[in-house]
Amino acid sequence: MADSVSGLSSVEAIDLTPVEKPRQLFLEVLYDWVTTVDHKKIGLMYIAYSLTFLVIGGIEAIVMRIQLAVPHNTFVSPEVFNRMFTLHGTTMVFFVGMPILFGFGNYLVPLMIGARDMAFPRLNAFSFWISAFGGFLLYYSFIGGSGLYGAGSAPDVGWFAYAPLTAKVFSPGHSTDYWTLSILLSGIGSIGTALNIVVTIICMRCPGMKLNRMPLLSWLYLVTGSMVFIAVSPLTAAQIMLMLDRYVGSHFFDTQAGGSAILWMHFFWIFGHPEVYILVLPAFAFANEIIPVFSRKAIFGYPAMVAASVGIGFISLSVWAHHMFAVGMGAGANVFFVFSTMIISVPTGIKIFNWLATIWGGKIRFASPMLFSVGFLFQFLIAGLTGIMLSVAPFDWQLTGSYFVVAHFHYVLVGAILFMIFAAFYYWYPKATGRMMSERLGKWHFWLMVIGFHMTFDFMHIPGLLGMPRRIYTYEPGRGWEIWNLIVSVGAVIQAIATLIFVYNLVHSYYKGEVAGNDPWDAWTLEWSTASPPPSYNFATTPIVHSRRPLWDIKHPEDPDWNYE
Amino acid sequence: MSTIPITPDPSDEPWILPDRGTIGMACLIIAESAIFVIFVVAYIFYMGQSLSGPTPRQVLELPIFTTICLLSSSFTLHWAVVALRKSKLGAFNAWLATTVVLGAIFLIGTGMEWYHLIYVDGLTIQTNLFGTTFYSLVGLHATHVIVGLLMLIAALIFGLTGHVTEKHAHRMDVLSLYWHFVDAVWVIVFTVVYVLGR
């Protein structure tokens, strides 16, 4: 039997009836969740927490787009506008992007490598709660100052918090302290979770799962986790310096006492640029799992994909100063960062070609996860192309600080990363809840999202090229920016509607969705071999794997993968 | 479903994975190194940039005695773990106690140095860029020494009350990795602050 060969339970015997559980009191449920050390529950809490912040950050984006829809708008005051873009950036990067990816990592990595839990379950719970506390602390800054309508005394220094704007003189009050502390805490949480994921992947793999048989998702999380230690730790160090400057009067970034504002930029972007890859590598990881399953083909070029990911990890650590071309670093430094930035497009290109080769000639099923993945491929390509344009220092000199840059990085963050996050939701939701998400609502979500996304960020390039700067709260009519800004704002509202459909789909499908069964997509990785939702111990017997697609081997014993590897 | 795999069953090979504690500590050390790198870079970047005195040459003295104490504590801790592995619990406690004493001497030395700098030479973290970078870098290292000492003291208490046996040698290994890291960082801090900085 398959059991004796592989140690996996047979896939034929799937119990489709949802199990009736005795009702628990609300407080009991709450106690269960707060005290849990189960990697699946912590993963889901991460995801719930970042979805909450996704909605909050989205509202901030909409406020900004309403303000900029027409010239001379007075919807919000300049102060509130500054707070909105600061909180929008900070929230989306630190309290949406990283936690949601760590949430998926937490949930999926142990299941995919056949482990029962993470390497350090209690560290895992600690990391989650300290990150969450960081997020809440940022919004606690709303209470105070000029009240809720005036957005309290929220931070207004931009998500990059350039010195000396953060000095006590220019940022009186405590808003910047809230910003620093919340980033510091969530950074500690991120480092803890990343450490946990890396140790889990290295030390907890089930028998037979050698490094060259791991699912690509685990490989990419290994690279991402390692990058988090190397990139988020400098941010933590820089935040400590900023706190020392603000609390005890040291002079790291105090230009009056000989300190340097450029040093803050270096320290911030030493974190800030790898951060883009920390966010995008998990998105690649989802694509690596979803595209093969929906094309009915094994991933093309597994070793090349691994090599490209590790390559991206290394190169990304040497490109940070392309955010600083206009600062005046000198020609030598600029040339170095131009070329290191361009080189990173080589491994990225390898990945795109491998995905295309996987789709090529496949039997493609356009279910929601695949739709979002195809959108991702297309949009990520365009984002990469504008990225290469911006990596050329003279071009960057012209357009840095304009809406062209805003459009470029939102193309990556929304068009690539958020699209893949949505794909991952549609793909793994049945595993986590036991129910399918509605395909009909999924299609509505996808098409509205695509239309809204392209209306917003395609057209945002144009006012950028016409010279519209970032971070302005309003503008004069008659410069040719009005029509583009109006289109962009309408697109943003369409995206918000699409996201609300998605949130409705999440809630609705939890109660009314079609029962999924263990393996609704006919997939090949280990997480689909256990029940949906998985029991707290994940696998009844520890699986033993012989190839990269263990479930394929069980379903097709006449033609197992290990004959070809 | 009953076909026999064509290739030999890989599960026959012994399946041994690296140890969680060691890899976890290695990851922590990488993360901590990145933090120290930023503080060291800031120190080097601001070397000689202070707008006012005192300068390092005027006030810093080479802490040779405490450095020797800290560096030799790595060896005593190593011998403690070796003794534990051979089940020589008395020797383990003795070497561990020596390590704690040596680490404490280093901390006291730092405290005396700081007292002298603050109350005699008038150098605080607010005085100039030298003060800013000096206290933050040396202070960050001292914080790590304190954390390491607390863990070593806990191990010593467990050792003296008879709760440590040979099977805990591996945990002491992980702890000693941390302590060796703290020592290695001191070599860099010593070189940058006291040798190059003067």
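Note that the coordinates shown come from a computational prediction; the quantities given were computed from them, not determined experimentally.

Chemist: What is the right way to read the overall build of chain A from this model?
Modeler: Summing up its helical and strand segments, chain A has 17 helices and zero strands in all. Over its C-alpha trace chain A gives a radius of gyration of 24 Å, about what one expects of a compact globule, namely 24 Å for 565 residues. In terms of overall dimensions, chain A has a C-alpha envelope of 75 × 50 × 45 Å along the principal axes. A burial count over chain A gives 60% of its 565 residues as buried.

Chemist: Can you walk me through unusual backbone geometry in this structure?
Modeler: It is generally the case that most residues other than glycine have a negative phi and that most peptide bonds are trans. Following Ala-163 of chain A, the chain continues to Pro-164 of chain A via a peptide bond in cis, the omega torsion being 0°. Each neighbour pair has its own omega, and for Gly-53 of chain B with Pro-54 of chain B the value is -5°, a cis peptide bond. Here Pro-54 of chain B lies in the loop between helix H1 (20-45) and helix H2 (56-59). We note that Arg-296 of chain A has phi near 55°; this positive angle belongs to a residue other than glycine.

Chemist: How should helix H15 (residues 439-465) of chain A be read in this particular structure?
Modeler: Residues and elements named next belong to chain A. When the terminal C-alpha atoms of H15 are compared, their 39 Å separation across 27 residues agrees well with the 39 Å that a helix rising 1.5 Å per residue should span. Between the side-chain oxygen at the start of H15 and the backbone nitrogen of Arg-440 there is a gap of 3.4 Å, and the oxygen is on Ser-438. Looking one or two residues beyond H15, the residue adopting positive phi is Gly-467, at roughly 100°.

Chemist: Looking at this structure, how should I read empty space enclosed by the protein?
Modeler: Over the atoms a probe the size of a water molecule is rolled, and this reveals where empty space is left. All names here are of chain A. Under the definition given, this model contains two cavities of 30 Å³ or more. In this structure, the largest cavity encloses a volume near 50 Å³. Taken together, Tyr-46, Phe-94, Met-98, Pro-99, Phe-102, Ser-131, Ser-186 and Ser-190 make up the lining of the largest cavity. Secondary structure elements with two or more residues in the lining of the largest cavity: helix H4 (78-112) and helix H6 (175-203). Considering each element in turn, the lining of the largest cavity owes the most residues, four residues, to H4. For the lining of the largest cavity, the class distribution of residues is five nonpolar, three polar and no charged. Its volume calculated, the second largest cavity comes out at about 30 Å³. Met-98, Leu-101, Phe-102, Tyr-221, Thr-224, Ile-278, Leu-279 and Pro-282 together form the lining of the second largest cavity. Among the elements of the structure, H4, helix H7 (216-248) and helix H8 (261-295) are those that each provide at least two residues to the lining of the second largest cavity.

Chemist: Looking at this structure, how should I read the confidence of the model for chain B?
Modeler: Residue and element names in this part refer to chain B. In the predicted model, chain B carries a mean pLDDT of 92, and 94% of its residues have values of at least 70. Long-range and interchain partners of residues 1-6, a stretch whose pLDDT sits below 50, account for eleven contacts in this model, where long-range means more than four residues apart. At the level of chain-chain contacts, confidence expressed as ipTM amounts to 0.92, with global pTM at 0.92.

Chemist: Whenever I open this one, the interface of chain A and chain B confuses me. Can you help?
Modeler: Reports of interface size often rely on the accessible area that becomes lost once the parts have come together. Each partner contributes residues to the interface: chain A has 48 residues there, and chain B has 37 residues. Carbon and sulfur atoms make up 76% of the area that chain A and chain B hide from each other, which totals about 3,600 Å². Applying the counting criterion to the chain A and chain B interface returns zero salt bridges. At the junction of chain A and chain B, the tally comes to nine residue pairs in polar contact (both at pLDDT 80 or more). For the side of chain A that touches chain B, the elements supplying multiple residues, two or more each, are helix H1 (2-6), H6, H7 and H8 of chain A. Here the element with the most residues in the side of chain A that touches chain B is H7 of chain A; it accounts for nine residues. Counted by class, the side of chain A that touches chain B contains 33 nonpolar, eleven polar and four charged residues.

Chemist: Looking at this structure, I do not really get the side chain of Arg-213 of chain A. What am I missing?
Modeler: Topologically, Arg-213 of chain A is positioned in the loop between H6 and H7. A distance of 2.7 Å separates the side chain of Arg-213 of chain A from the backbone oxygen of Gly-208 of chain A, its partner in a polar contact.

Chemist: Which parts of the structure should I look at to understand the packing of H7 of chain A against H1 of chain B?
Modeler: Two numbers describe a pair of packed helices, the interaxial angle and the distance between the axes. Where H7 of chain A meets H1 of chain B, the axes come as close as 8 Å, and the angle between the chain directions of the two elements is 45°. Compared by their axis directions, H7 of chain A and H1 of chain B come out oblique. Where H7 of chain A crosses over H1 of chain B, the handedness of that crossing is right-handed. Within the contact between the two elements, H7 of chain A uses Phe-229, Ile-230, Ser-233, Pro-234, Ala-237, Ile-240 and Met-241 of chain A and H1 of chain B uses Cys-27, Ile-30, Ala-31, Ala-34, Ile-35, Ile-38, Phe-39 and Ala-42 of chain B. Among the residues making up the contact of H7 of chain A with H1 of chain B, the classes are represented as 14 nonpolar, one polar and no charged.

Rules and cut-offs
- Going along each chain's sequence as written, the residues are numbered from 1 onward.
- By the order in which they are written, chains take letters starting at A while ligands take numbers starting at 1.
- Thresholds applied to this predicted model are a pLDDT of at least 70 for local features of residues and 80 or more for the giving and counting of side-chain atom pairs; totals over whole chains, interfaces and linings are not thresholded and use all residues.
- Side-chain numbers come from the whole structure's heavy atoms, not from hydrogens or water.
- A run of H or I in DSSP counts as a helix once it spans at least four residues, and a run of E counts as a strand once it spans at least two, with each numbered from the N terminus.
- All radius of gyration figures rest on C-alpha atoms, and the globule criterion is 2.2 Å times the number of residues raised to 0.38.
- Any residue under 20% of the maximum accessible area for its type is buried, any over 50% is exposed, and the rest in between are partly exposed; the area is computed with a 1.4 Å probe on protein chains only.
- Here the expected span of a helix is defined as 1.5 Å times the quantity of residues minus one.
- Definition of a polar contact: a pair of N or O atoms within 3.5 Å, with one able to donate and the other able to accept a hydrogen when the atoms are protein atoms, and with sequence-neighbouring residues admitted only if both atoms are side-chain atoms.
- Cavities and pockets were defined on a 1 Å grid built over protein atoms only: a cavity is a set of grid points that admits a 1.4 Å probe from which the probe cannot escape, a pocket is an open set flanked by protein on both sides within 12 Å along at least five of seven lines, and lining residues are those with an atom within 4 Å of any such point.
- Grid points are joined across faces, edges and corners, and a volume is the space filled by probe spheres set on the points.
- Amino acids outside the nonpolar list (Ala, Val, Leu, Ile, Met, Phe, Trp, Tyr, Cys, Pro) and the charged list (Asp, Glu, Lys, Arg) are all regarded as polar, and Gly is one of them.
- Within a predicted model, pLDDT stands for the predictor's per-residue confidence, ranging from 0 to 100.
- Contact criterion: two residues are considered in contact whenever any of their non-hydrogen atoms come within 4.5 Å of each other.
- Joining two parts hides part of their accessible area as seen by a 1.4 Å probe, and the buried area is that hidden amount summed over both.
- The term salt bridge refers to a side-chain nitrogen of Lys or Arg lying within 4 Å of a carboxyl oxygen of Asp or Glu.
- To obtain each axis, a line is fitted to C-alpha atoms, and for helices this fit is confined to the stretch in contact; angles are then taken between N-to-C directions over 0 to 180 degrees.
- For this classification, under 35 degrees means roughly parallel, over 145 means roughly antiparallel, 65 to 115 means roughly perpendicular, and everything else is oblique.
- By convention, the crossing between two helices is left-handed when the near helix turns anticlockwise from the far helix through less than a right angle, and right-handed when the turn is clockwise.

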